[in-house]
Amino acid sequence: TTNGNAEIKYEEDYRNTIFKDDGNTGHKLAGLANRLPKIDFVAPFGTGALWLDGSDDALELADHADFAYGSGDFTLDAWVKFKSLNGTYNTIISQATNDGSYSVFGHDSTNWVLYGTGVIGLSYAKTPAFNTWYHLQGVRSGNNWYLFLNGTLVASGSSSSSWVDYTSVLGIGYCNFNGAISNRYWIDGFIENVRISKGIARNAATFNPPTSDYDQGTVQNMTLIALAQTAQAAPSAARVIFLEEDVDAITLNTDLKAWASRDGTNYDQITLVNEGNYDASKKILAGNIDPFVAASGTAMKYKLTTHNAKDLKVHAAGLTWK
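Definitions and cut-offs
Residues numbered from 1 in each chain as written. Predicted model: local features only at pLDDT ≥ 70, side-chain atom pairs only at ≥ 80, totals over all residues. Heavy atoms only, no water. Helix = DSSP H or I, 4+ residues; strand = E, 2+ residues; numbered from the N terminus. Buried < 20%, exposed > 50% of the residue type's maximum accessible area, 1.4 Å probe, protein only. Polar contact = N/O pair within 3.5 Å; in protein donor to acceptor, adjacent residues only side chain to side chain. Contact = heavy atoms within 4.5 Å. Pairing = 2+ DSSP bridges. Axes fitted to C-alpha atoms, helices over the stretch in contact; angles between N-to-C directions. 1 Å grid on protein atoms, 1.4 Å probe; cavity = no way out; pocket = protein on both sides within 12 Å on 5 of 7 lines; lining within 4 Å. Points joined across faces, edges and corners; volume = space filled by probe spheres on them. Nonpolar A, V, L, I, M, F, W, Y, C, P; charged D, E, K, R; others polar. Salt bridge = Lys/Arg side-chain N within 4 Å of Asp/Glu carboxyl O. Phe/Tyr/Trp six-rings, centres within 6.5 Å; stacked < 30°, edge-to-face > 60°.

1. Here we look at the side chain of Asp255
By secondary structure assignment, the location of Asp255 is in the loop between strand E19 (238-246) and strand E20 (256-261). In this structure Asp255 comes out as buried when scored by relative accessible area, which is 4%. Reaching out from Asp255, the side chain makes a polar contact with the side chain of Asn308 at a distance of 2.7 Å. In this structure Asp255 touches Ala249, Ile250, Thr305, Thr306, His307, Asn308 and Lys310, once residues within four positions along its chain are discounted.

2. Digging into the sheet that holds E19
Ordered by their spatial adjacency, 4 strands build an open sheet running E22-E23-E19-E25, and the pairing between neighbours is antiparallel. Edge positions in the sheet fall to strand E22 (273-279) and strand E25 (312-321), since each of these pairs with one other strand and no more. Adjacent strand axes in the sheet meet at a mean angle of 20 degrees, parallel and antiparallel pairs treated alike. Sheet topology places E19 next to strand E23 (residues 282-289); 8 bridges connect them, and they run antiparallel. Note on E23: the bridge partner recorded for Val240 is Gly287.

3. A word on empty space enclosed by the protein
Enumeration according to the criterion identifies 2 cavities of 30 Å³ or more in this entry. Lining of the largest cavity is provided by 13 residues; of these, Tyr69, Leu76, Ile93, Ser103 and Trp163 occupy positions nearest its centre. For the lining of the largest cavity, the secondary structure elements donating two or more residues are strand E8 (90-96), strand E9 (102-107) and strand E10 (111-116). For the lining of the largest cavity, the class distribution of residues is 10 nonpolar, 3 polar and no charged.

4. Re the pairing of E23
The buried fraction of E23 is high, at 6 of 8 residues. The turn linking E22 back onto E23 is made up of 2 residues, and Ser281 within it adopts a positive phi angle of 65 degrees.

5. Things to note about the pattern of salt bridges
Using the criterion set out here, one finds 6 salt bridges in the structure. Residue Arg195 pairs with Asp77 through a salt bridge whose shortest N-O separation is 2.8 Å. A residue pair is termed long-range when its members are at least 10 positions apart, and Arg195 in strand E16 (residues 188-198) and Asp77 in strand E7 (residues 74-84) qualify at 118 residues. A salt bridge links Lys283 to Asp246; the nearest nitrogen and oxygen atoms lie 3.1 Å apart. You can see Lys283 sitting in strand E23 and its partner Asp246 sitting in strand E19, a full 37 residues away along the chain. By relative accessible area, Asp246 is classed as partly exposed at 27%.

6. So, the side chain of Thr91
Locating Thr91 in the fold gives a position in strand E8. Discounting residues that sit within four places of it in the chain, Thr91 has contacts with Val104, Phe105, Gly173, Tyr174, Cys175, Tyr185, Ile187 and Ile191.

7. Thoughts on the packing of aromatic side chains
Considering all chains together, one arrives at 10 aromatic pairs under this definition. Here the aromatic rings of Phe74 and Trp145 are separated by 5.8 Å at their centres, their planes lie at 75 degrees, and the arrangement is edge-to-face. Here the residue Phe74 occupies a position in strand E7, and Trp145 occupies one in strand E13 (residues 144-149), the gap between them amounting to 71 residues. The buried category is assigned to Phe74, whose relative accessible area is 0%.

The values reported here are purely geometric and, on their own, carry no functional implication.
What follows is the structure in structure tokens.
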């Protein structure tokens, strides 16, 4: 969140069946009832898309102030491809409450829609062709509201009302409007590149839809810290191993640093060495600390830090000790 604006962007890592937030917001994606939907090798671009079966597959996020737009600007957009339509809502993004208030962004089997209880109802009557990708975007700019299909402005309206501050999970691929699993307005098809931009009105006129994954914006330095694992006795030495993929050119121990702790608080830096590739462009990085200098203890942790705003991917991490 920067200056009150939150941008949340979800993309897929098809190799590892990971649904990740590329907006650096810290929101956690989860499969409904701990069941992850699938990724298929179909997408308008990139490597894969979220594959939903129309009956009980979806992703969801815990309720958060980032989804309370109030009377401010925001943008919702995503790519979607339907295999079939249900008779109520085919939901891309939605929230709902037990009192019957809800929002929905998707298709209602007759119209493309952006709807918020007591706020706005934009619709465009067009039945989508099955197995065809569509880009849908909904925008609020001041009191003006816009709905775009494949970059073309198809509906607009005006409302000064505040968006309902929902207290439920935010669903991607379903709407938790009424309790029964069979009535949750599922999508049967594929969703790609969902983006929620709070405080940003992206378009007010016809535009060209994106032709690649969303720009991830400015790269920020990160710190990755493991949960503590308890050693049987205070170790004297440790070894870390990371599986890493460069996006930018990385200088080890300058742009990327590794650390180990035996009390969970105080860390010794470990010099990383490139031990070779385990896959194309993916490196095995490892290093040892022997002996430890930092405070003694049995709460074992590793830490990985990035510096100089360098972009990279960490695919796995491990720590051993003796």
